[in-house]
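Chain and residue survey
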Amino acid sequence: MEDKIMKPSKGMKGYVSRLKRIDICFILFETLIAAIIFIAGLLIWKNRANIATIIAVCSLLPACKRLVNFIMILKFKGISDGDYKKIAGEKVKGKVKIYEYSDMLFSSDKYFLMFYHASLFSSEMIAFSGMSDEKNAYAAQYLKRGFEIRGLSVHVRIYTEVEKYISARNAASERQSEADEDSVSWINSLLV
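Here the structure is a predicted model, which is why all the values come from computation and not from measurement.

Looking at the overall build of the protein chain
Secondary structure summary: the protein chain contains 7 helices and 4 strands in total. If you list the helices and strands of the protein chain from N to C, you get α-α-α-α-β-β-β-α-β-α-α. Computed over the C-alpha atoms, the radius of gyration of the protein chain is 22 Å, more than 25% above the 16 Å expected from 2.2 N^0.38 for a compact globule of 192 residues. A principal-axis box enclosing the C-alpha atoms of the protein chain has dimensions of 75 × 45 × 30 Å. The burial tally for the protein chain puts 42% of its 192 residues in the buried class. If you take every contact in the protein chain between residues at least 6 apart in sequence, the share linking residues at least 24 apart comes to 69%. Of the accessible surface of the protein chain, which amounts to about 11500 Å², a share of 59% is contributed by carbon and sulfur atoms. Each charge class in the protein chain can be summarised by its mean position, and for the 28 positive and 21 negative side chains these summaries are 6 Å apart.

Concerning the pairing of strand β3 (residues 124–129)
Residues in a regular strand point their side chains to alternate faces of the sheet. Among the 6 residues that make up β3, 6 are buried, leaving the element largely enclosed by the rest of the structure. Here β3 shows a buried face lined by Glu124, Ile126 and Phe128 and a second buried face lined by Met125, Ala127 and Ser129. As defined by bridge partners, strand β2 (residues 112–120) adjoins β3 across 5 bridges and the pair is classed as antiparallel. Looking at the pairing, Leu120 lines up with Met125 of β3. The pairing of β3 with strand β4 (residues 155–159) spans 5 bridges and is classified as parallel. Bridge pairing in β4 links Ala127 to Ile158. Running through helix α5 (residues 133–149), the crossover from β3 to the neighbouring parallel element β4 is right-handed.

What about the pairing of β2?
In terms of burial, β2 is a largely internal element, 8 of the 9 residues being buried. Across 8 bridges, strand β1 (residues 99–107) lies against β2 in antiparallel orientation. Bridging across to β2, Leu105 finds its partner in Met114. Counting the residues between successive antiparallel strands, the hairpin from β1 to β2 contains 4 residues. Between the end of β2 and the start of β3, which pair antiparallel, lie 3 residues.

What to know about the packing of α5 against helix α7 (residues 181–190)
Packed helix pairs are characterised by how far apart their axes lie and by the angle those axes make with each other. Close contact between α5 and α7 brings their axes to 11 Å; oriented N to C, the two are set at 130°. If you check the angle between α5 and α7, you find them oblique. Handedness of the α5/α7 crossing: right-handed. Here α5 contributes Tyr142, Leu143, Gly146 and Phe147 to the contact with α7, which in turn contributes Ser183, Trp186, Ile187 and Leu190. The residue makeup of the contact of α5 with α7, split by class, is 6 nonpolar, 2 polar and no charged.

Some details on the nonpolar core
Counting residues in each nonpolar core, the largest one holds 27 residues, and the members touching the most others are Leu120, Met125, Leu143, Phe147 and Ile187. For this core, the elements supplying multiple residues, two or more each, are β1, β2, β3, α5 and α7. When residues no more than four places from it in sequence are discounted, the contact partners of Leu143 are Phe106, Phe115, Met125, Val156, Trp186, Ile187 and Leu190. Among the nonpolar cores identified, the runner-up in size contains 12 residues, and Ile126, Val162, Tyr165 and Ile166 belong to it.

Definitions and cut-offs
Residues numbered from 1 in each chain as written. Predicted model: local features only at pLDDT ≥ 70, side-chain atom pairs only at ≥ 80, totals over all residues. Heavy atoms only, no water. Helix = DSSP H or I, 4+ residues; strand = E, 2+ residues; numbered from the N terminus. Rg over C-alpha atoms; globule rule 2.2 N^0.38 Å. Buried < 20%, exposed > 50% of the residue type's maximum accessible area, 1.4 Å probe, protein only. Contact = heavy atoms within 4.5 Å. Areas by Shrake-Rupley, 256 points an atom, 1.4 Å probe, with all protein chains shown as cover. Lys, Arg positive; Asp, Glu negative; His and termini not counted. Charge placed at Lys NZ, Arg CZ, Asp CG, Glu CD. Pairing = 2+ DSSP bridges. Right-handed = clockwise from strand over helix to strand, strands pointing away. Axes fitted to C-alpha atoms, helices over the stretch in contact; angles between N-to-C directions. Parallel < 35°, antiparallel > 145°, perpendicular 65-115°, else oblique. Left-handed = near helix turned anticlockwise from the far one by under 90°. Nonpolar A, V, L, I, M, F, W, Y, C, P; charged D, E, K, R; others polar. Core = buried A, V, L, I, M, F, W, Y, C linked by side-chain atoms within 4.5 Å.

This is how it looks when you write it as structure tokens:
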């Protein structure tokens, strides 16, 4: 029986890199199609003022939307292999199921926020971040407010050092229960 390689989905390591590749391919393909349509219009009607030019420009609109998305995620590199191996290699002591997210990207009204890794429990969300202190404080407040709006009591803690994150995650797994389905659903809806 052959092993199937699983494509990373939202919240999994490698998803952002895959999304960047897909965006680049889509942008290049759409640009090529628009160029072919434009050149065909020039060859047929011998000037730029024709329906093919309009079709070519309109066919670039989806590529422009993807380009904006690509620019937004371009600077995010994702969790390093070393840090990911440390987190994945650390056995969680509790018996509760942990909802884990890697390469977690989401946007708010003020910032584009990025966590390298996050763990969600019943009343706690613990995240490992490479963002500035200002953005981390904002992200914690943004998530806390979002949980409160949904009637969920979830405390958010953000760490910038992998060892402290692992320690906090392990401690939380021993005293927490499984995350509420509403919490998981809301966090999943935030992911880019």
